[in-house]
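What the coordinates show
The lines below spell out each chain.
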Amino acid sequence: MSQGIQQEERQDLVARLKEAQQKFGYIPEEVIAELAAALDLPVNEVYGIASFYSFLSTRPLGRNVIRVCQSLPCYLKNSEMIIKTVAKEIGLEPGETTADGRFSLELTNCIGQCDKAPAMMINGNIHGDLTPEKIARILKKYK
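Residues numbered from 1 in each chain as written. Predicted model: local features only at pLDDT ≥ 70, side-chain atom pairs only at ≥ 80, totals over all residues. Heavy atoms only, no water.

1. Observations regarding helix 5 (residues 79-90)
Put simply, the test is: For helices the rule is a DSSP run of H or I covering at least 4 residues; for strands it is a run of E covering at least 2, with both sets numbered from the N terminus onward. The length a helix should cover is 1.5 Å for every residue beyond the first. We call two residues contacting when some pair of their heavy atoms lies within 4.5 Å.
With 12 residues, helix 5 should cover 16 Å at 1.5 Å per step; its first-to-last C-alpha distance of 17 Å lies within 8% of that length. Elements that come into contact with the buried residues of helix 5 comprise strand 1 (64-69), helix 4 (72-76), strand 2 (103-108), strand 3 (120-122) and helix 6 (132-140). Gly-91 sits one or two positions beyond helix 5 and adopts a positive phi of about 75 degrees.

2. What about the pattern of salt bridges?
Pairing of side chains with opposite charge becomes possible as their charged atoms draw close. Let me state the cut-off plainly: Each reported salt bridge corresponds to a side-chain nitrogen of Lys or Arg within 4 Å of a carboxyl oxygen of Asp or Glu. The cut-offs for exposure are 20% and 50% of the maximum accessible area for each residue type, with area from a 1.4 Å probe on protein chains only; residues under the lower value are buried, those over the upper are exposed, and the others partly exposed.
Considering all chains together, one arrives at two salt bridges under this definition. Ionic pairing is found between Asp-12 and Arg-16, a salt bridge with its closest N-O pair at 3.4 Å. Of this pair, Asp-12 and Arg-16 are both found in helix 1 (residues 7-24), four residues apart, which corresponds to roughly one turn of the helix. Judged by relative accessible area, which is 32%, Arg-16 ranks as partly exposed. Arg-59 is paired through a salt bridge with Glu-106; the nearest N and O atoms lie 2.4 Å apart. Residue Arg-59 is found in the loop between helix 3 (43-52) and strand 1, and its partner Glu-106 is found in strand 2; the two are separated by 47 residues along the sequence.

Here it is, written out as structure tokens:
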């Protein structure tokens with residue numbers, strides 16, 4: 001059993017987890033078990049790393065993944081209003097996916113757009129300086 005993984009092993013593991021995320025849209029349990037066996041790590045350690053990073057998911061997500069930033073700059077610019085507006089527009093709460101698999105709403109601590117707070121990312125596309133009206137227009141493009 002490992003005594004915790006070293007930095008180089010962690011980077012390799014994160015890279016492999018990202019590859020699985022790209023391939024499957026999330027990281028299936030089988031992939032976590034396979035990576036643990038291949039790297040001689042406990043499954044719970046691999047799962048812990050997979051679930052720690054906000055841009056990785058251990059559950060299936062919708063075709064359009066909306067990540068709303070809740071870091072301090074976005075929070076101070078009313079990210080809570082953004083979260084509520086997005087939730088109302090698509091009919092779900094953070095951490096949920098619509099029944100049709102079209103949208104998932106996720107909260108994240110930073111998307112690197114503090115100068116455009118409040119901000120969100122949809123499928124890697126950044127949207128900043130958000131207002132409820134702007135959110136409605138943006139989401140219509142993804143419906």
